[in-house]
Amino acid sequence: MKRRDFFKASAIGLTIPSTIIKGQKINISKNNPVILSTWNFGLNANIEALKELKNGGNAMDAAEKGAMHAESDVENTSVGFGGLPDEKGKVTLDACVMDRSGNAGSVAFLQNIKHPVSVARKVMEETKHVMLVGEGANQFAIKNGFKEKKLLTKKSKNEWKKWLQNRREMTPHETHDTLSILVQDKKGDLAGACTTSGWAYKMHGRVGDSPIIGAGLFLDNEVGSAAATGLGEEVLKTTGSFLVVELMRQGRSPQEACEEALKRVIKRHNGNPDFQIGYIALRKDGEIGSACLKWSFEYALAKNGSNKLYKINGLIQS
Ligand code: ASP
């Protein structure tokens, strides 16, 4: 049997589109958008994404709008404008997008541009490439009409100056979080975006998982989507989001897939990693999953007319 197929739902000829994942029939969720995003700032991102869907935007438009909200939020010190800088006091941004066709765009080590997610989308739509970094990404952005803006706020600059006094290496979960957002629109199509200023006071030039397709974000419009937050280096080493989607393709539920991807990390670190990773996953039928390694993690889910924040505990309790 073909993996993707359409089944007759009833004798009256009503057709419910479905997909076959590892021999299991999964009804594709339509006319009931789902938006799943990371952390408490995901709540507002979801609201913006929902507005965009209501105005006729598709999943990609909505994911971009959601991410843009976090990028504009000056109170959010781990994404975009107001993000904490690297060790040299530079705010360097990573972002990526992926759409229903499996197209992807990404920027890394981008400076002075308020909406890296939109530059990533432009890379996807206007170039033959997937990823632009640093100066080249900046030039591309300016050429495409993005305005340069100083992103280091007084507040973030003061924090950085305090940090400079003893240059303590921050534990990753202390200072950084990514806005990752997964959207399923009313046609049932998927899209996603990630955006972050990365690990606070990181080495100049450091790039995390968030702009790397397959690590920070991955989707397959026949199966589902997944995205990450947390210590990018460890997400990169396990190609985290690709793994979660691949596990769903092999028949795991979104929840099982997130947990299995984290179990591999736990194993690599002899049962007790000292960092955080959180995954979110959304399957084609609208079912979601989410898991984190340690401590706790929050995700925001907009579905069936409500938009709520959920708190989950880590797989391992220390
Ligand atoms: N994953 C991001 C990075 O490593 C940061 C985070 O989500 O906490 O840059």
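From a predicted model like this one, the values you see are computed outputs, not experimental measurements.

**Q** Please clarify how the environment of serine 225 should be interpreted in this entry.
**A** Within the fold, serine 225 resides in strand β11 (residues 224-230). Separated by 127 residues in sequence, serine 225 and methionine 98 have C-alpha atoms that sit 9.5 Å apart. Beyond its immediate stretch of four places on either side in the chain, serine 225 contacts Leu182, Leu190, Phe218, Leu219, Val245, Met248, Ile280, Ala281 and Leu282.

**Q** Whenever I open this one, the sheet that holds strand β14 (residues 296-303) confuses me. Can you help?
**A** Strands belonging to one sheet form pairs held by backbone hydrogen bonds; the direction of such a pair is parallel or antiparallel. Judged by pairing direction, the sheet is mixed, and its 8 strands sit side by side in the order β7-β6-β5-β9-β8-β4-β14-β15 without closing on themselves. Either end of the sheet is taken by a strand with one partner, and the two such strands are β7 (131-133) and β15 (306-313). The mean angle between the axes of side-by-side strands here comes to 10°, regardless of whether they run parallel or antiparallel. Where strand β5 (residues 93-98) and strand β9 (residues 190-196) come together, 5 bridges link them in antiparallel fashion. Its bridge partner lying in β9, cysteine 96 is registered against cysteine 194. Packing against the sheet, helix α1 (residues 41-54) makes contact with β4 (34-38), β8 (179-184), β14 and β15, and its axis sits at approximately 150° to β4.

**Q** When you look at the packing of aromatic side chains in this model, what are you seeing that I'm missing?
**A** In this description, an aromatic ring pair is defined by two values, namely the gap between the centres and the angle between the planes. What the rule picks out here adds up to 4 aromatic pairs. Geometrically, the ring pair formed by tryptophan 39 and phenylalanine 297 is edge-to-face, given 4.8 Å between the ring centres and 90° between the ring planes. A residue pair is termed long-range when its members are at least 10 positions apart, and tryptophan 39 in the loop between β4 and α1 and phenylalanine 297 in strand β14 qualify at 258 residues. Take tryptophan 39 and phenylalanine 297: they sit in the same class, and that class is buried. Arranged with centres 4.7 Å apart and planes meeting at 15°, the rings of tryptophan 163 and tyrosine 201 form a pair that is stacked. Separated by 38 residues along the polypeptide, tryptophan 163 in helix α5 (residues 154-166) and tyrosine 201 in the loop between β9 and β10 (217-220) bring together distant segments of the chain. Of the two residues examined, tryptophan 163 and tyrosine 201, each falls in the buried class. Cation over ring: lysine 294 sits above tryptophan 295, and NZ or CZ is 5.2 Å from the ring centre.

Parameters at a glance
Residues numbered from 1 in each chain as written. Predicted model: local features only at pLDDT ≥ 70, side-chain atom pairs only at ≥ 80, totals over all residues. Heavy atoms only, no water. Helix = DSSP H or I, 4+ residues; strand = E, 2+ residues; numbered from the N terminus. Contact = heavy atoms within 4.5 Å. Pairing = 2+ DSSP bridges. Axes fitted to C-alpha atoms, helices over the stretch in contact; angles between N-to-C directions. Phe/Tyr/Trp six-rings, centres within 6.5 Å; stacked < 30°, edge-to-face > 60°. Buried < 20%, exposed > 50% of the residue type's maximum accessible area, 1.4 Å probe, protein only. Lys NZ or Arg CZ within 6 Å of the ring centre and 35° of its normal.

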